[in-house]
Amino acid sequence: AVVSTQSTGERSVSTSHMQVHAVPVPRYSVNDIKDVFYTFADKYSLEVQEIPAGEDWQDTVPPGSDYFIAEFENDDKLIFLCSQKVRFPLQFGREVLASEELLNMPRRVSWKECKISKEQEEHDVKQFRKAFTEFDSFKGGDSDSDSD
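Residues numbered from 1 in each chain as written. Predicted model: local features only at pLDDT ≥ 70, side-chain atom pairs only at ≥ 80, totals over all residues. Heavy atoms only, no water.

## A closer look at the overall build of the protein chain
To keep things clear, this is the line we draw: Going along the chain from the N terminus, every DSSP run of H or I of four or more residues is numbered as a helix, and every run of E of two or more is numbered as a strand. Under the scheme applied here, a residue whose accessible area is under 20% of the maximum for its type counts as buried, over 50% as exposed, and between as partly exposed, the area being computed with a 1.4 Å probe on protein chains only. For this analysis, residues touch if any pair of their heavy atoms sits within 4.5 Å. Computed with the Shrake-Rupley method and a 1.4 Å probe, the accessible areas treat only the protein chains shown as cover for residues.
The secondary structure content of the protein chain amounts to three helices and five strands. Walking the protein chain from its N terminus toward its C terminus, one meets helices and strands in the order β-β-α-β-β-β-α-α. Sorting the 148 residues of the protein chain into buried and exposed places 28% on the buried side. Long-range pairs, those at least 24 residues apart, make up 51% of the contacts in the protein chain with a sequence separation of at least 6. Summed over its atoms, the accessible surface of the protein chain is roughly 10,300 Å², and 49% of this surface lies on carbon and sulfur atoms.

## What to know about the pattern of salt bridges
Applicable threshold: We define a salt bridge as a contact between a side-chain nitrogen of Lys or Arg and a carboxyl oxygen of Asp or Glu at a distance within 4 Å.
Considering all chains together, one arrives at six salt bridges under this definition. One salt bridge connects Lys77 with Glu71, and the closest N-O pair in it is separated by 4.0 Å. The structure contains a network of salt bridges with shared partners spanning Lys34, Glu50 and Asp76.

## What about the packing of aromatic side chains?
What counts, and what does not: Between rings of Phe, Tyr and Trp, where Trp is taken as its six-membered ring, a pair exists when centres lie within 6.5 Å; planes separated by under 30 degrees are stacked, by over 60 edge-to-face, and by other angles tilted.
Counted according to the given criterion, the structure contains eleven aromatic pairs. Taken together, a centroid distance of 6.4 Å and an interplanar angle of 40° make the contact between Phe37 and Phe68 tilted. Residue Phe37 is located in helix 1 (residues 30-43), and its partner Phe68 is located in strand 4 (residues 67-72); the two are separated by 31 residues in the primary sequence. Judged by its relative accessible area of 0%, Phe37 falls in the buried class. Under the relative-accessibility criterion, Phe68 is labelled buried at 5%.

## Looking at helix 1
What counts here: For a helix, the expected span equals 1.5 Å multiplied by the number of residues minus one. This arc corresponds to the set of directions leading from the helix axis out to the C-beta atoms.
In this model, helix 1 (14 residues) spans 20 Å end to end at C-alpha, consistent with the 20 Å of a helix rising 1.5 Å per residue. Along helix 1, the residues that are buried comprise Val30, Ile33, Lys34, Val36, Phe37, Phe40 and Ala41. Viewed along the axis of helix 1, the buried residues span an arc of 155°, placing them on a single side of the element. The exposed set on the far side of helix 1, more than 90 degrees from its buried face, consists of Asn31, Asp42 and Lys43. Directly after helix 1, the chain includes Ser45, whose backbone phi takes a positive value near 55°.

## Here we look at the environment of Ala22
On the secondary structure map, Ala22 appears in strand 2 (residues 16-24). Taking the C-alpha atoms as reference points, Ala22 and Glu71, separated by 49 residues in sequence, lie 9.1 Å from one another.

## Some points on the nonpolar core
In plain terms, the rule: For our purposes a nonpolar core is just a set of buried Ala, Val, Leu, Ile, Met, Phe, Trp, Tyr and Cys residues, chained together by side-chain atoms within 4.5 Å.
Counting 18 residues, the largest nonpolar core has Phe37, Phe68, Phe72, Phe80, Phe92, Val96 and Leu102 as the members making the most contacts within it. Contributing elements (two or more residues each) for this core: helix 1, strand 4, strand 5 (77-81) and helix 2 (92-98). The element that contributes the greatest number of residues to this core is helix 1, accounting for six residues. When residues no more than four places from it in sequence are discounted, the contact partners of Val96 are Val36, Phe37, Phe40 and Leu102. In this structure, Ile51, Trp57, Val61 and Tyr67 belong to the second largest nonpolar core, which totals seven residues.

## Brief notes about the confidence of the model for the protein chain
Our working definition: One confidence number per residue, pLDDT, is output by the predictor and ranges from 0 to 100.
Mean pLDDT over the protein chain: 81, with 81% of residues reaching 70 or higher. Confidence scores differ between elements of the protein chain, with strand 1 (residues 2-10) showing the lowest mean pLDDT of 62 and helix 1 the highest of 93.

## Describing a nonpolar patch on the surface
Going by this rule: Surface patches are defined over residues having more than 30% relative accessible area and no salt bridge, joining like charges when they lie within 9 Å and nonpolar side chains (Val, Leu, Ile, Met, Phe, Trp, Tyr) when within 5 Å.
The grouping of Phe128, Phe132 and Phe135 at the surface amounts to a nonpolar patch, some 360 Å² of accessible area in total. Tracing the backbone through its elements, the reader meets Phe135 in the segment after helix 3 (118-132). Look at Phe135 and you get exposed, because its relative accessible area is 58%.

Laid out in structure tokens, this is it:
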């Protein structure tokens, strides 16, 4: 299953913040993954609304509200509205997906633990470019070139 998460929220008085992540979660059904999201929502006393595939989730979120949404490969969605009463955990999505129940990567809850060396990053970039060369409409087919 693939879970795509998106969140908006105030990080300070003058700025807002948004992130979108798409995370493959092997060996689990959409319902299994939803169950883990519900478990963590209960842990933090978060209100959850489930939006079935084909329904517009934007009608659920009041204009200007902060929210977290988990969208599943079957197009179902879970919406977590952020309120003044309950502080929404900034690492909520990471915590759910990295949990023992799903990816079993508890160290990855903190983004600080996900750093890699510059050499590894450069290697990964080359591999990514090579793998996606055929989809790059700006490149003339030179997949081994590092210049852009």
